[in-house]
2 protein chains.
Amino acid sequence: MPSYRAPVEDVLFLLNDVLGFHGRANLAGFSEASPDVVEAVLTEGAKLAETVLAPLNRVGDQEGCRRDPDGSVTTPKGFKAAYHTYAQGGWMGLSVPEEYGGQGLPLTLNTAIQEFASGANLALGMYPGLTQGAVAALLVHGSEEQKRTYVPKMVEGVWTGTMNLTEPHCGTDLGLLKTKAVPNGDGSYSLTGTKIFISAGEHDLAENIVHLVIARIEGAPAGTKGISLFVVPKFLVNPDGTVGARNGVSCGSLEHKMGIHGNSTCVMNYDGATGWLVGEANRGLNAMFVMMNEARLAVGVQGLGQSEVAYQNAVAYAKDRLQGRALTGAKAPEKAADPIIVHPDVRRTLMQIRAFNEAARGLMLWTALQSDIAHRSEDAKERQAADDYLGLMTPVVKGVLTDRGFANAVEAQQMFGGHGYIEEWGMSQFVRDARIAMIYEGANGIQAMDLIGRKLPKDGGRAMMTFLGEVQTFIKDHGEDAALKPFTGPLQAALNDLQGATMWFMQNAFSKPDNAGAGATDYMHLLGLVAMGYMWARIARAAVARKAEDAAQAERMEAKLVTGRFFAERMLPETALRLSRIKAGADTTMALPVEAF
Amino acid sequence: MPSYRAPVEDVLFLLNDVLGFHGRANLAGFSEASPDVVEAVLTEGAKLAETVLAPLNRVGDQEGCRRDPDGSVTTPKGFKAAYHTYAQGGWMGLSVPEEYGGQGLPLTLNTAIQEFASGANLALGMYPGLTQGAVAALLVHGSEEQKRTYVPKMVEGVWTGTMNLTEPHCGTDLGLLKTKAVPNGDGSYSLTGTKIFISAGEHDLAENIVHLVIARIEGAPAGTKGISLFVVPKFLVNPDGTVGARNGVSCGSLEHKMGIHGNSTCVMNYDGATGWLVGEANRGLNAMFVMMNEARLAVGVQGLGQSEVAYQNAVAYAKDRLQGRALTGAKAPEKAADPIIVHPDVRRTLMQIRAFNEAARGLMLWTALQSDIAHRSEDAKERQAADDYLGLMTPVVKGVLTDRGFANAVEAQQMFGGHGYIEEWGMSQFVRDARIAMIYEGANGIQAMDLIGRKLPKDGGRAMMTFLGEVQTFIKDHGEDAALKPFTGPLQAALNDLQGATMWFMQNAFSKPDNAGAGATDYMHLLGLVAMGYMWARIARAAVARKAEDAAQAERMEAKLVTGRFFAERMLPETALRLSRIKAGADTTMALPVEAF
C-alpha cells in the first residue's frame, strides 16, 4: 500500500529562506500570512492530504465512477465524506477574497496545498481543483450578481465547478466549436451541444454543479472571435439562492480512461440548457484564458505531486528490498543481501527525481508568487513585471513539470521491478494518473507553442529579456562565492544556451515560422532547465546561509547542496542538446510529403 | 480501433540492401532462405500478424485472463483459435533444427516475425515467444532424451513452455532463491516452492505446459553456485510421448497488471512436483542464461514492435484529425481546419519515432544475424567475432529498444490529445503493454550493469574494440562521399563520445566501481545511439545506391535519407549529454547517507 507524506518542511524552507515570502507584507493578504499562520496552514493541509485523501487513492482507482441509467454519477466509496472534510476545512477558498467567503490568503499558499492534494489523491483533488478554477474565472469576468450567486456556495463546497471547452471534433482549435447559444429574450440563453472530457461533469459530491461553458451565440462570427462564455448551473438557482429546477444539462456517458478513475470524466449533453453570459459576448476565449492559466499552473503542480509521491514510495522500497551486494562491499552483511538503495543505478534514479522535485517545487512557488504580486501589488511596474513572468512561466510549469513528472513516475515504478507492474503496489496508478497531466488543459505541445508563439514575442520579448537579466545578475552577484561556484558555473553555460536559442529564433523564426514550431518543445524544456537551475542556485545560497547559522539543519542543508550539485552536473547540461536540436531547424522535420508517412 | 501493418518492405530492404543477408549462404539454413522464400515467409507472417493477431489485441486487454477455482486459467475469447493458427503455420519452429520438427531457417528471419507478432498483439505473441525461449534452452542444455521428449511437441505448438525464475523475495538476485529440489532416487527430483510473475504459467491453449524451473538441490552451495535448472511438465509424459498424470504444479493466482492483460501472469506453486535436471547440477544459471539471452533479444524486439504500431496509429490520426492551420498557411483550405500532421511539433514527434524505428529494426536484425553467425558458421574466428557482438549488443537491444519503445508509445499517445487517454482508441494499451518490456527479463538497469560489468571488460574489451574499429572503418571508407557526409560527420562525433566514455571507465571504474554503476545506464544509451547512428549510415549508403538504380524506389529511398538526417541532426547528438553525465562520476550520486532519503 503506497503512502504519502506532504513536503511541509521543504515548502517552508522555500518560502522562508529562498523566496522571501514574508518580505511581501505589502501585498494584500500577505500580512495575514504570518510565519505562524503559514506553518499552521501547511501542517493542517498536510494532515488532510495524508490522512483523508491519500488513503482513498487506491480505492478510487479500483472502483472508479459509476453512471446510473438516470444519468446520475456515483463517486468511489469514501470520496463524498473526504470531499466534505476538504470543503468544511475551508480549503476551497484559501485564497479567495473574504467578501466571497474565502480567507484571502496568498495563492502561493494555495498552490502548496494543491501539490499536497495532487500527490495524495489526484482524482479526488481534481473536484475542488476545478471548482477553484471556475471561481477564478467568475471572479474576474462574472458580473457582481453572478459572483454573489455562485462564488460563496462554491467556496463553501456546497456547489462545485467545471470547465466545458472540448467537443468531439474540437480540442485545441476552439474556433471549430459548434455548441450553440440562442438568446431567450430575458437575458438568458438556451445552450445546445455536446461537450466531451468534462472532468467532474456529474457526481454525487455536491448539491449543484456550476458549469462554465463556451458556445457560439447564434449569428456570431465564425472562428475564435465568435466564442462566448456562459454559466450553466445543473440546477437553476432561485432568487433566494436555494437550488431550483433541474436545467437541461446531463451526463451522457463516462469515459473509460487510462487513469484518474476516481474522477468522473463525462460526456455532457446540453439540450436547450439555460445559461447566462459571463463577460462580454464573443469575448469568451479571453475569459476562458483566465481559467486556463490558473488551471495550467494547477496541472503543472499535479505533475510535481505525482513525481513526489512516486519518489517517496520508490525510496521506501529501495531501502526495504534486499537484492544483491554493493559494488564496494556488503553494506548489510548481517542480511541475505543489501537493500537496493546501495546500487548506483538505483541511487542515480532516486537522485534524478529528487533533484527535479525540489527545484520544480521552487519554480512552482516562485511562479505562484508572481501571480500574487501581479494581482495584489499596488505598484504598477511591479505588477507588470510579475505578470510578465507569470505569462512566461505558466506554459513551462505546465509542460515541463508534467512531462518530467510522468517520466519520474515511470522511473520510480522501475525501481520496483516486476512489482511495479502489478497494480497491488500502486506504482502503476501513479504512472497512469500522471499521464493525463501532459494532455489536459492544453497538450504539452500546445504549451510549447503558446510559449514560443505568444509569450516569448509579447511586448518585444520583454519578459524573457527580464528573466535572462535576472539570472545573469544572480550569477554576477555570486560568481566569486566559492560555495556557489558548482551552481553558478553550470548555470552560466545553461543560460548561454538559452540566450543562444532565443537569438536563433529571433533570426530564423520570423522568416520561417516552421523553425519556431520545430524547436518549440525543446525550447520549453530548455527554459524549464534554466529556471530550475536558477532555483537550485537560489536554494544553494539559502542552504549555505542556513547551514552556517543553524546546526540542527546542517545535515538537511548539506543534502540540498549535494542534490543541487547532482542537478548541475547531470541534468542541467541537457540545455546544450536542446539548443543543438533547435538550431537544426525545421528542414528535415518538415521535408517529407504527407504521403511518405 | 487501432490497426497494424507489418513492415515487410522495410525488413526486406534491410536484409537485402543493408545487411547482406543473402551473402551468407555459407551458414546452415541460409541457402534455404532464398530471396523468394524470405519474401514469402515475411508476407505470410505479416498476414498472420495483421489478420489473426492484431484483431484480438483489444479484446485481450479488455477481457484479460480468468482463473477458475480449480486453478485452471481461461485466456481471452479468440486467443485459443489464434494460437492454433499460429502453431499450425509452423511459426514456432521457424529457426529450430529440422530434426526436432523445425524448419531450420535463420534466427534473423524468426526475429523479424517476432517483431510482427509483438506489434500486432504483445500479450498473445508472448505464449509462443516463451515457448521458443524454452526450446532454445532445452536444445542447448537438455539431454538427447529431453530434446526428443519435449521439443517436437513444443515446436508443433501442442505444448507450450515457460521460464520460472522469480520468487517473492528474489528477482535480480537469483542467489537468494528458496525453491528446493529433493532427489527421488530414480533420477527425478521433487520440487517445492513458489514462483511469481510466471508468464503463460497456466492457460487453456495447449494440452501440456513445459516449465523450466530453477531451484536449489538439497545441500547445494548457497548463492548462485547452488542453482540448478529443471524441466517440470504440467502433465507427466508417458513413455510413448502421450500426456499422463497431473504433476504437482499449479497456478495459485493471477497477477493484476498494468498491461498485457491477455497474457496469464501466474503465481506458480510447486508442491513436490516431479522434475528432471537440465544440464549439470548447480550449473543452472548458465543454462538459464541461454534462455535469457534469447529472451532479452525478443523483449527488445517487443519494444520496437510497440513503438511501430503506436507510430502507425499516430500517423493515421495525425492525417485525419483536423485542428488549426499550418504556420505557413492553410494546407487544406477546403476543410474547416488542416490535419494536424502539418504542425511542426506533431511532425517532429512522428519523425522522432520513425527515425528510431527504422534504425532499431536494423540493429535488431544485425544482432540476430550475429546470433546466426555465432551458431552456424564453420569459421571459428567468425563465430567468435559474432558471439562477441551478440554479447555486447544483447543488453543494448533489450535496454534501449524497450526504453525508447515505451517512450515512443507515450509520444504517439500524446498525438491523440484527450482521445489518447481514453481506452477506446487503443493508445493507452500500447503504453501499458510496452511498459513491461522495460522490466522483465532483467530490468533495464540490470541490462546496463550487464553491459558495463560483464560484456564490456570481457576478454580485455575485445568486443567493444572491434565495434569501435568497425564503425571507424566505415566512416573512413565513406568519409569522402558527399552524399554520406550528413551521416558520417555526426557519427564520428558520436563515436568519439563513445570512445571517450569507454576510456573514462577504463581509467576511473576499476579503482572506484561506483563510477561504473553511476554511468551504466547512460553508457548503454550512448552505445545504443552510436549503434543506431551506424545503422543509419549503412541504411543511407544502401538508399543512395538503390535510389540511383531503381526509379520506382526513389521516393521511398529519399524518405529514408531525410529520416536518417533527422536522426543524425537531432537524436544522435544526445551522445554528448550521455558522456558528460558519465564523466560526472559517482560522487554526487552516492554522497548522501541512506537516512537522507
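Definitions and limits used
- Residues numbered from 1 in each chain as written.
- Chains lettered and ligands numbered in written order.
- Predicted model: local features only at pLDDT ≥ 70, side-chain atom pairs only at ≥ 80, totals over all residues.
- Heavy atoms only, no water.
- Helix = DSSP H or I, 4+ residues; strand = E, 2+ residues; numbered from the N terminus.
- Rg over C-alpha atoms; globule rule 2.2 N^0.38 Å.
- Buried < 20%, exposed > 50% of the residue type's maximum accessible area, 1.4 Å probe, protein only.
- Contact = heavy atoms within 4.5 Å.
- Areas by Shrake-Rupley, 256 points an atom, 1.4 Å probe, with all protein chains shown as cover.
- Lys, Arg positive; Asp, Glu negative; His and termini not counted.
- Charge placed at Lys NZ, Arg CZ, Asp CG, Glu CD.
- Disulfide = S-S within 2.5 Å.
- Salt bridge = Lys/Arg side-chain N within 4 Å of Asp/Glu carboxyl O.
- Patch = residues over 30% accessible without salt bridge, like charges linked within 9 Å, V, L, I, M, F, W, Y side chains within 5 Å.
- Phe/Tyr/Trp six-rings, centres within 6.5 Å; stacked < 30°, edge-to-face > 60°.
- Pairing = 2+ DSSP bridges.
- Expected span 1.5 Å × (residues − 1).
- Bend = angle between axes of the 7 residues up to and from the residue.
- Polar contact = N/O pair within 3.5 Å; in protein donor to acceptor, adjacent residues only side chain to side chain.
- Domains from an automatic or database assignment.
- Buried area = accessible area lost by both parts, 1.4 Å probe.

A. Focus on the overall build of chain A. In terms of helices and strands, chain A carries 19 helices and 11 strands. Relative to the globule expectation of 25 Å for 597 residues, the C-alpha radius of gyration of chain A, 24 Å, shows essentially globular dimensions. Oriented by its inertia axes, the alpha-carbon framework of chain A measures out at about 75 × 60 × 60 Å. Looking at the 597 residues of chain A, the share that counts as buried comes to 64%. At a minimum sequence separation of 6, the contacts of chain A that also span at least 24 residues come to 73%. Summed over its atoms, the accessible surface of chain A is roughly 20000 Å², and 53% of this surface lies on carbon and sulfur atoms. Here chain A contributes 55 positive and 65 negative side-chain charges, whose respective centroids are spaced 4 Å apart.

B. Geometry of unusual backbone geometry. All names here are of chain B. We note that Phe-197 has phi near 60°; this positive angle belongs to a residue other than glycine. With respect to the helices and strands, the residue Phe-197 is situated in strand 5 (residues 188-199). Although it is not a glycine, Asn-282 sits at a positive phi angle of roughly 65°. Within the fold, Asn-282 resides in the loop between strand 11 (265-278) and helix 8 (284-320).

C. Spotlight on the state of the cysteines. All names here are of chain A. Under the defined criterion, the tally for this structure stands at 0 disulfides over all chains. Cysteine Cys-65 is unpaired, with the sulfur of Cys-266 as its nearest cysteine sulfur at 7.8 Å. No disulfide involves Cys-170; its nearest neighbouring cysteine sulfur is the one of Cys-266, lying 18 Å away. For Cys-170, a relative accessible area of 0% corresponds to the buried category.

D. Representation of the pattern of salt bridges. Residue and element names in this part refer to chain A. For the structure on display, the rule yields 66 salt bridges over all chains. With a shortest N-O distance of 3.0 Å, Asp-450 and Lys-455 are connected by a salt bridge. Of the two residues, Asp-450 and Lys-455, both sit in the buried class. Among the charged side chains, a salt-bridge network with shared partners connects Asp-10, Glu-115, Glu-308, Arg-354, Glu-358, Arg-361 and Lys-560.

E. Inspection of a nonpolar patch on the surface at higher detail. Together, Met-465, Met-503, Met-506 and Phe-510 of chain A line one region of the surface with nonpolar side chains, adding up to about 470 Å² of accessible area. Checked against the element boundaries, Phe-510 of chain A lands in the loop between helix 15 (485-508) and helix 16 (513-549).

F. Seen up close, the packing of aromatic side chains. In the structure shown here, the tally under the stated rule is 27 aromatic pairs over all chains. Here the aromatic rings of Tyr-317 of chain A and Phe-416 of chain A are separated by 4.1 Å at their centres, their planes lie at 20°, and the arrangement is stacked. Of this pair, Tyr-317 of chain A sits in helix 8 (residues 284-320) while Phe-416 of chain A is found in the loop between helix 10 (380-414) and helix 11 (418-421), placing the two residues 99 residues apart along the sequence. According to the relative accessible area criterion, Tyr-317 of chain A is buried, its value standing at 7%. Between Trp-366 of chain B and Tyr-389 of chain B, the ring centres sit 5.0 Å apart and the planes meet at 45°, which makes this aromatic pair tilted.

G. Main features of the environment of Cys-170 of chain A. With respect to the secondary-structure elements, Cys-170 of chain A resides in the loop between strand 3 (159-164) and strand 4 (180-183). Put simply, Cys-170 of chain A and Leu-15 of chain A are 155 residues apart on the chain and 40 Å apart in space, counted from C-alpha to C-alpha. When sequence neighbours within four positions are dropped, the list of residues in contact with Cys-170 of chain A reads Leu-176 and Leu-177 of chain A together with Arg-321 and Gln-323 of chain B.

H. Examining the pairing of strand 11 (residues 265-278) of chain A more closely. All names here are of chain A. In this sheet, strand 11 lies alongside strand 5 (residues 188-199) in antiparallel orientation, the contact comprising 10 bridges. Bridging across to strand 11, Tyr-189 finds its partner in Gly-275. Looking at chain direction, strand 7 (residues 228-233) and strand 11 are connected through 3 bridges and run antiparallel. The partner of Phe-230 across the bridge, within strand 11, is Leu-277. For strand 10 (residues 249-254) and strand 11, the ladder comprises 5 bridges, and the chain directions are antiparallel. Note on strand 11: the bridge partner recorded for Val-249 is Tyr-270.

I. Broad picture of helix 10 (residues 380-414) of chain B. All names here are of chain B. Spanning 35 residues, helix 10 covers 49 Å between terminal C-alpha atoms, matching the ideal 51 Å at 1.5 Å per step. Of all the bends in helix 10, the greatest reaches close to 35° and is centred on Met-393; the proline Pro-395 follows between one and four positions later. A large share of helix 10 lies buried, amounting to 25 of its 35 residues. At the N-terminal end of helix 10, a side-chain oxygen is found 2.9 Å from the backbone nitrogen of Lys-381, two or three residues along, and the residue is Asp-379.

J. A look at the domain arrangement of chain A. All names here are of chain A. When its domains are assigned, chain A resolves into domain 1 (287-451) and domain 2 (458-590). The centre of domain 1, based on its C-alpha atoms, is set 18 Å off from the matching centre of domain 2. Taken together, the contact between domain 1 and domain 2 spans 28 residues of the former and 29 residues of the latter. Counting each side, the surface lost to burial between domain 1 and domain 2 is near 2500 Å², with a carbon and sulfur contribution of 74%. Among the residues domain 1 hides against domain 2, the three largest losses belong to Glu-358, Asp-388 and Tyr-389. Together they make up 20% of the total. Linking domain 1 with domain 2 are 2 salt bridges, by the criterion used here. Residue Arg-462 pairs with Asp-388 through a salt bridge whose shortest N-O separation is 2.8 Å. Taken together, domain 1 and domain 2 are joined by 7 residue pairs in polar contact (both at pLDDT 80 or more).

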